[in-house]
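These are the residues of each chain, in order.
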Amino acid sequence: MFWFDAVLLGVLEGLTEFLPVSSTGHLILLGAWLGHESEAAKTLDIVIQLGAVLAVVVYFRERLAVTVRGIFRRDPDSLRLALALAFAFFPAALVGLLFHKAIKAHLFGPGPVAVALIAGGFLMIGVESARRRRPDQGAPRVEDVTLQRALAIGVAQCFSLWPGASRSMTTIVGGQLSGLSTAAAAEFSFLLAIPTLGAATVFDLAKNGRALLDAPGGAAALAVGLAVSFAVALLVIAVFLRYLKRYGLAPFGWYRIALGAVVLWLWLASRTAPVDAGAAAEPTPRRDVAASAGALARAGDHPSRP
């Protein structure tokens, strides 16, 4: 396991975790291109998200501190926000726990990822188009997340268990459809990442953390990946919130459609192309575009967030 791979994974995780483009889908594709097949490498792909979680905690530290103090003081806004986060967290946690193995067995491959990217892109563009035709842009504050809205966002987050759908996309769009402004939905999505991604990381560390730490260079790769993902995610959060207020989600939708189309084309091409025995024996996974497509086609058993 090379530290340079950890840097690439950290940059990609930090860039995509909070953008509505699916960090899981991107990490599956990058891991396949890098030839990550060991249990340690696959675990790193998941645990590296802890850096992004810490970035949320740092960025929203003042709001989190106010909320925690408000809970002890029984402040209504703080109590409502904490309860809303719990309501939004529960559905995906339950579905992920019950269907984790089935999801990994059937959905972790380039074909399902491409389909989810394209479908999510069209959904985002459609929602943005409909919202722009309405004068009312939704409730502007994260404190406006009622328990009903939180539950709707939580149900929407269940769809993010399909790799390529994107946790950020499903929760932001779910928030928009429940009556929140785009900015309020995005902020709630970021806060919801703390329990959701934190639980996923703890779950995978408990199951596979020893494989990562015992691998040669595993501990160093983990430290590098966490540091890089933290730094990149901290920058992305600040930029993304400002970007949303001006441009909305539609540009990310078009990106998803384009990427999904490319991935789907490569995947289909790899399934229909004749196998070259000489090329198959080549040990390096970064030979050319055709080899990358073949690696993507073999990514179906890549584990990720529960």
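Residues numbered from 1 in each chain as written. Predicted model: local features only at pLDDT ≥ 70, side-chain atom pairs only at ≥ 80, totals over all residues. Heavy atoms only, no water.

1. Focus: the overall build of the chain
The condition is simple: Secondary structure is summarised from DSSP: a helix means a run of H or I of at least four residues, a strand means a run of E of at least two, and numbering begins at the N terminus for each. To sort residues, take the accessible area from a 1.4 Å probe on protein chains only and compare it with the maximum for the residue type: under 20% means buried, over 50% means exposed, and anything in between is partly exposed. Any two residues whose heavy atoms approach within 4.5 Å are treated as being in contact. To be clear on the numbers: accessible area is Shrake-Rupley with a 1.4 Å probe, and residue cover counts the displayed protein chains and nothing else.
The helix and strand inventory of the chain stands at 14 helices and zero strands. Reading the chain from its N end, one meets helices and strands in the order α-α-α-α-α-α-α-α-α-α-α-α-α-α. A total of 306 residues make up the chain; the buried ones form 52% of that total. The contacts of the chain with a sequence gap of at least 6 include a subset with a gap of at least 24, amounting to 85%. Summed over all atoms, the accessible surface of the chain reaches about 14,100 Å², with 69% contributed by carbon and sulfur.

2. Overview of the pattern of salt bridges
To keep things clear, this is the line we draw: Each reported salt bridge corresponds to a side-chain nitrogen of Lys or Arg within 4 Å of a carboxyl oxygen of Asp or Glu.
Evaluation of the coordinates by the stated rule reveals five salt bridges. For E187, the salt bridge is made with R63, and the minimal N-O distance between the two is 2.6 Å. One end of the pair, E187, is in helix α10 (residues 182-214); the other, R63, is in helix α5 (residues 61-72), with 124 residues separating them in the sequence. Classification of E187 by relative accessible area gives buried; the value is 16%. In this structure R63 comes out as partly exposed when scored by relative accessible area, which is 24%. The residue R141 makes a salt bridge to E143 at a minimum N-O spacing of 3.9 Å. Linked by salt bridges that have partners in common, R63, R141, E143, D144 and E187 make up one network.

3. So, the packing of aromatic side chains
Basically, it comes down to this: Pairing of aromatic rings covers Phe, Tyr and Trp, the last counted by its six-membered ring, and requires centre-to-centre distances within 6.5 Å; plane angles under 30 degrees mean stacked, over 60 mean edge-to-face, and any other angle means tilted.
Per the stated rule, a full pass over the model turns up seven aromatic pairs. Each ring, one from F240 and one from F252, has its centre 5.5 Å from the other, and the planes form 85 degrees; the classification is edge-to-face. Note that F240 is positioned in helix α11 (residues 218-247) and F252 in helix α12 (residues 250-272), a separation of 12 residues in sequence. Under the relative-accessibility criterion, F240 is labelled buried at 2%.

4. Quick notes on the environment of A223
Note on placement: A223 falls in helix α11. In sequence terms A223 and W3 are 220 residues apart; their C-alpha atoms lie 9.4 Å from each other.

5. Comments concerning α11
Since there are 3.6 residues in each turn of an α-helix, residues three or four apart along the chain are aligned in direction. This is how the line gets drawn: Any helix carries an expected span of 1.5 Å times its number of residues minus one.
Between its terminal C-alpha atoms α11 stretches 40 Å, which fits the 44 Å expected from 30 residues at 1.5 Å a residue. Just beyond α11, the residue with positive phi is G248, at close to 75 degrees.

6. Some details on helix α9 (residues 167-177)
The criterion, for reference: Any N or O atom pair separated by 3.5 Å or less is treated as a polar contact, with the protein-specific requirement of one donor-capable and one acceptor-capable atom, and with residues adjacent in sequence counted only for side-chain atom pairs.
Counting buried positions over the 11 residues of α9 gives 10, a clear majority of the element. Turning to α9, its buried residues are R167, S168, M169, T170, T171, I172, V173, G174, G175 and Q176. As for α9, its buried residues are in contact with α7 (110-132), α8 (147-158), α10, α11 and α12. Here α9 starts with a cap whose side-chain oxygen sits 3.3 Å from the backbone nitrogen of S168, and that cap is S166.

7. Focus: the packing of α7 against α12
Heads up, the condition is: Helix axes are fitted only over the stretch in contact, all axes being lines through C-alpha atoms; the angle between N-to-C directions runs from 0 to 180 degrees. Roughly parallel here means an angle under 35 degrees, roughly antiparallel means over 145, roughly perpendicular means 65 to 115, and every remaining angle is called oblique. Should the near helix be turned anticlockwise from the far one by less than a right angle, the crossing is termed left-handed; should it be turned clockwise, right-handed. Residue polarity follows a fixed list, in which Ala, Val, Leu, Ile, Met, Phe, Trp, Tyr, Cys and Pro are nonpolar, Asp, Glu, Lys and Arg are charged, and the others, Gly among them, are polar.
At a minimum axis separation of 7 Å, α7 and α12 run at an interaxial angle of 155 degrees. Judged on the interaxial angle alone, α12 and α7 are roughly antiparallel. Crossing handedness for the pair α7 and α12: left-handed. Only A250, F252, G253, W254, R256, I257, L259, G260, A261, V263, L264 and W267 of α12 make contact with α7, whose side of the interface consists of P110, G111, A114, A116, L117, I118, G120, G121, F122, M124, I125 and E128. Across the contact of α7 with α12, the residue classes break down as 17 nonpolar, five polar and two charged.

8. Side note on the nonpolar core
As a reminder, the rule being used: Throughout, nonpolar core names a set of buried Ala, Val, Leu, Ile, Met, Phe, Trp, Tyr and Cys residues whose side chains join them through atoms within 4.5 Å.
Membership of the largest hydrophobic core comes to 42 residues, with the highest contact counts inside it found for F18, F188, F190, I237 and F240. Residue assignment for this core shows that the elements contributing at least two residues are α4 (50-59), α6 (76-107), α7, α8, α9, α10 and α11. The biggest single contributor to this core is α10, with nine residues. When near neighbours in sequence (up to four residues on either side) are disregarded, I237 contacts F18, A55, V56, Y59, F60 and F190. Ranked by size, the runner-up nonpolar core spans 14 residues in total, among them A40, V47, L212 and L222.

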